[in-house]
Amino acid sequence: MTKAIVTLAVCALLVALASATRVNECKSGKAIEDTTKVQITNCETPPCKLKKRTKVQIVQRFTPNRDVQSVKTAVYATILGVPLPFVGVDGTDACGKVFNAADGSPAPCPLKKGVEYLYKNEFPILPVYPTVQLVVHWALEEPDKKVVTCFEVPSRITV
C-alpha cells in the first residue's frame, strides 16, 4: 500500500514537472530557478503561444511571507512598453481561486504566512487582441497594491 502511494506521488510530481513553465521574476527579469512554481497550459518554454479564441490555464505555487487578508489579480500585457490590462481577469478577486498545496482543498482568504498555496485561474484570449509579441505580467496583490506573488513570461498572441 505504501509503495503504491509513493509511486503515485512520484508520477504526479513528474507530470507536474513536465508541464512546468519557465517564467521570470517581476522586478529583476531573472528566471525563477524553481521551475515547478508556475504552469501555463501548452507552454514549457517561452515565448508562450496564446491562441485567440482559447482559454489559457495558470497554476502558481506560492508561499506568502506575511498574513494576507485578501488578494486581487493584477494581469496585464506589456506591448511596445505600454501595459494593457487583460480584460475580465485584471482586478478580479483571487481569494476563491486559492487552494492548499498540501491537499488541494479550497483555501479562502485570509492566507497565512509560511503556508504553501496553489492559485488556479484561466483567462480567455479574445479575438480582438492583436497578434503581437508581449510580456504577460501576472501578480496577486493586496488591496493596497502590495505584491504577494508575481511572475512575468514572454508570450505571443497567435491566430
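Being a predicted model, the structure only gives us computed values, none of them experimental. (Residues numbered from 1 in each chain as written. Predicted model: local features only at pLDDT ≥ 70, side-chain atom pairs only at ≥ 80, totals over all residues. Heavy atoms only, no water.)

## Quick notes on the layout of surface pockets
Here comes step 1: The volume enclosed by the largest pocket comes to roughly 300 Å³.
Here comes step 2: The wall of the largest pocket is formed by 15 residues, among which Glu25, Cys26, Val147, Thr149 and Cys150 lie closest to the centre.
Here comes step 3: When contributions to the lining of the largest pocket are tallied by element, the ones reaching two or more residues are strand 3 (54-62) and strand 9 (147-158).
Here comes step 4: The dominant element in the lining of the largest pocket, judged by the number of residues it contributes, is strand 9, at four residues. (1 Å grid on protein atoms, 1.4 Å probe; cavity = no way out; pocket = protein on both sides within 12 Å on 5 of 7 lines; lining within 4 Å. Points joined across faces, edges and corners; volume = space filled by probe spheres on them. Helix = DSSP H or I, 4+ residues; strand = E, 2+ residues; numbered from the N terminus.)

## Concerning the side chain of Thr21
Here comes step 1: Here Thr21 shows up in the loop between helix 1 (2-18) and strand 1 (38-40).
Here comes step 2: What makes Thr21 buried here is its relative accessible area of 1%.
Here comes step 3: When near neighbours in sequence (up to four residues on either side) are disregarded, Thr21 contacts Thr35, Val38, Gln39, Ile40, Cys43, Glu44, Cys48 and Val153. (Buried < 20%, exposed > 50% of the residue type's maximum accessible area, 1.4 Å probe, protein only. Contact = heavy atoms within 4.5 Å.)

## Some points on the state of the cysteines
Here comes step 1: Applying the stated criterion to the full structure yields three disulfides.
Here comes step 2: Residue Cys43 pairs covalently with Cys48 via a disulfide, S to S 2.0 Å. Judged by the torsion about the S-S bond (-80°), the Cys43/Cys48 disulfide is left-handed.
Here comes step 3: Owing to a relative accessible area of 5%, Cys43 belongs among the buried residues under this scheme. (Disulfide = S-S within 2.5 Å.)

## Observations regarding the packing of aromatic side chains
Here comes step 1: In the structure shown here, the tally under the stated rule is five aromatic pairs.
Here comes step 2: With centroids separated by 5.8 Å and ring planes inclined at 35°, the aromatic side chains of Phe62 and Tyr117 adopt a geometry described as tilted. Residue Phe62 is found in strand 3, and its partner Tyr117 is found in strand 7 (residues 117-125); the two are separated by 55 residues along the sequence.
Here comes step 3: The class for Phe62 is buried, based on a relative accessible area of 2%.
Here comes step 4: For the ring pair Tyr119 and Trp138, a centre distance of 6.3 Å and an interplane angle of 55° mean the geometry is tilted. Here Trp138 lies in strand 8 (residues 133-141) and Tyr119 lies in strand 7, a separation of 19 residues in the sequence. With respect to class, Tyr119 is no different from Trp138; both count as buried.
Here comes step 5: Of the aromatic side chains, those joined through ring pairs into one cluster are Phe86, Tyr119, Phe123, Tyr129 and Trp138.
Here comes step 6: Its end group placed over the ring of Phe99, Lys120 keeps NZ or CZ at 5.1 Å from the ring centre. (Phe/Tyr/Trp six-rings, centres within 6.5 Å; stacked < 30°, edge-to-face > 60°. Lys NZ or Arg CZ within 6 Å of the ring centre and 35° of its normal.)

## A short note on unusual backbone geometry
Leaving glycine out, the prevailing phi sign among residues is negative, and the prevailing peptide bond configuration is trans.
Here comes step 1: Cis peptide bonds are those with omega within 30 degrees of zero, and the linkage from Pro46 to Pro47 qualifies with 5°.
Here comes step 2: Counting through the fold element by element, Pro47 comes out in the loop between strand 1 and strand 2 (48-51).
Here comes step 3: Phi at Asn42 takes a positive value of approximately 55°, unusual for a residue other than glycine.
Here comes step 4: Position of Asn42 relative to the elements: it lies in the loop between strand 1 and strand 2.
Here comes step 5: Residue Arg53 is not a glycine yet carries a positive backbone phi of 70°.
Here comes step 6: Considering the arrangement of structural elements, one finds Arg53 in the loop between strand 2 and strand 3.

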